[in-house]
Amino acid sequence: MAAASVLLALYAIPVSTDAREKTAASSSSIAVGPQYNTTHVYIEHGKMPAFAASWKATFGGSGTAVSVIDVTPTPSRTKSQLVFSPVGTLSVFDFQTPAPYPFGAERTGWLLTNMAAGIRQAQASGAHVIVSPFPDPIGRDTVIQFPGGINTQVYWHTTAPAYKALKTIPENRVYVSADAVNAFLRSYLKFSSGSVLSDSPKADAGEIGLPGKAYRKIRVTSPFGRTVIMVTDGHLPYPFGREVTGYEVSGLSSTLTKAKAAGATVLWGPHSEAGRNSAVVKFPGGYIAEIHDVQQTSHSGPE
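Keep in mind it's a predicted model, so treat the numbers as computed, not measured. (Residues numbered from 1 in each chain as written. Predicted model: local features only at pLDDT ≥ 70, side-chain atom pairs only at ≥ 80, totals over all residues. Heavy atoms only, no water.)

Caption draft 1: A look at the environment of Val174. Looking at where Val174 falls in the secondary structure, it is placed in strand β10 (residues 171–177). Separated by 26 residues in the primary sequence, Val174 and Gly148 place their C-alpha atoms 9.9 Å from one another. (Helix = DSSP H or I, 4+ residues; strand = E, 2+ residues; numbered from the N terminus.)

Set out below in structure tokens:
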């Protein structure tokens, strides 16, 4: 996410993660905060209660009442629920009618302070508005697409919400090709007003299911939160590329125990690499997430 026209050198003068993230946060006028940015979860029909129960049993938190509404610019109906947890906020949908295109392909929803300013910033960054602004029951929405085909919904509330700060900031996990990454990164950084924390051209691909290989991994921070960008050839084993968000916990082993007891399935891992333990988990209803803990300072330098 975030603005910087030139990538930071891999071995630049060290700056603390906290300082870089505070600098990024102070530079933006359109982001509200990471707790207001949701992963969009499209649940298998009828599985919303099982998903919400499993998620809350794993991470803690709460959910809003389930409502049946139209959240698209053309007629449709979906069950909708916000799920809050210390590790991230989710917008959960169980469509009762077919979901109109391109809904379902957007990964996240980001709350803006000003919709018109956000659209101008998106267009200036090289992103495309693929769904023009439309009203929803509590505000306005639009969908933008960054180079590389990465869709994000941005929205504005008529009445400003007030959510608790998160205990840990989730990672937006973006997979892009080598021929798209430069255009994607320029646009993504400019729109979200953040900075590159690290750019590792030879990261261990064992952490994306490809032991013995290497890939380029870029970590970004912005007022919208954190992003890890995986630059690959697209030869990914399942389930990698299906997980759009990574969640940081204090202990991976205990979290996986709770997840399995709550009906989730561990699809991959645990895997340990450079002080980070990670796994990929599928929750009831089909939602796939990366979960990790960190035994050393996160994003503190070259990887």
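Caption draft 2: View of the nonpolar core. Phe146, Val176, Phe184, Phe191, Ile218 and Ile229 are the most contacted members of the largest nonpolar core, which has 26 residues in total. Mapped onto this core, the elements with two or more residues apiece are α3 (115–125), β8 (139–146), β9 (150–157), β10, α4 (181–192), β12 (214–222) and β13 (225–232). It is α4 that contributes the most residues to this core, six residues altogether. Those residues within four positions of Phe146 in sequence are excluded, and the remaining contacts are Trp110, Ala127, Thr152, Phe184, Ser187, Tyr188 and Phe191. (Core = buried A, V, L, I, M, F, W, Y, C linked by side-chain atoms within 4.5 Å. Buried < 20%, exposed > 50% of the residue type's maximum accessible area, 1.4 Å probe, protein only. Contact = heavy atoms within 4.5 Å.)

Caption draft 3: View of the packing of aromatic side chains. Inspection of the entire model under this criterion finds 25 aromatic pairs. Relative to Tyr163, the ring of Phe84 lies with its centre 4.9 Å away and its plane at 70°, an arrangement referred to as edge-to-face. Of the two residues, Phe84 is situated in strand β4 (residues 78–85) and Tyr163 in the loop between β9 and β10; the sequence distance between them amounts to 79 residues. Classification of Phe84 by relative accessible area gives partly exposed; the value is 21%. Assessed through its relative accessible area of 19%, Tyr163 is described here as buried. Where Phe146 meets Tyr188, the ring centres are 5.1 Å apart and the plane angle is 80°; that geometry is what we call edge-to-face. Placement of the pair is Phe146 in strand β8 and Tyr188 in helix α4, with a sequence separation of 42 residues. Residue classification places Phe146 among the buried positions, given a relative accessible area of 1%. The structure contains a cluster of three or more aromatic residues connected by ring pairs, namely Phe51, Trp55, Phe59, Tyr247, Phe283 and Tyr287. (Phe/Tyr/Trp six-rings, centres within 6.5 Å; stacked < 30°, edge-to-face > 60°.)

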